[in-house]
Amino acid sequence: MSFGIKPLGDKVVIRKVDAEETTASGIVLPGQAKEQPQMAEVVAVGPGTKDETMEVKVGDTVIYRKYGGDDVKYNGEEYMIVSQSDILATVK
């Protein structure tokens, strides 16, 4: 599925997962009190390089480095472009 951003090399386009706004006990958290998750959904994957085979695929949920990647806005949505090495794990 192509949506307009085609990552190059070992780059991956991810969409951040929204933080919970309400705790399990029903307390509503203000914006700054919400813990920002480092989880995202993979929306596009580059072809890889001769030295790096791509291990993630579109639709995977991943955990990424806190300060890795670049934020981009495309068609009113916010995405992040990261190197595959900035992805720490996939979530089942």
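As a reminder, the structure under discussion sits directly above these lines.
Residues numbered from 1 in each chain as written. Predicted model: local features only at pLDDT ≥ 70, side-chain atom pairs only at ≥ 80, totals over all residues. Heavy atoms only, no water.

1. Remarks on the side chain of Ser 83
Inspection of the secondary structure assignment puts Ser 83 in strand β5 (residues 77–83). Ser 83 sits in the buried class, given a relative accessible area of 15%. If we skip the residues at most four places from it in the chain, Ser 83 touches Asp 10 and Lys 11. (Helix = DSSP H or I, 4+ residues; strand = E, 2+ residues; numbered from the N terminus. Buried < 20%, exposed > 50% of the residue type's maximum accessible area, 1.4 Å probe, protein only. Contact = heavy atoms within 4.5 Å.)

2. Details of the layout of surface pockets
Looking at the second largest pocket, its volume works out to about 180 Å³. As for the second largest pocket, its lining consists of Arg 15, Lys 16, Asp 18, Asp 71, Gly 76, Glu 77, Glu 78, Tyr 79 and Met 80. For the lining of the second largest pocket, the secondary-structure elements that each account for two or more residues are β1 (11–16) and β5. In the lining of the second largest pocket, the residues fall into two nonpolar, one polar and six charged. (1 Å grid on protein atoms, 1.4 Å probe; cavity = no way out; pocket = protein on both sides within 12 Å on 5 of 7 lines; lining within 4 Å. Points joined across faces, edges and corners; volume = space filled by probe spheres on them. Nonpolar A, V, L, I, M, F, W, Y, C, P; charged D, E, K, R; others polar.)

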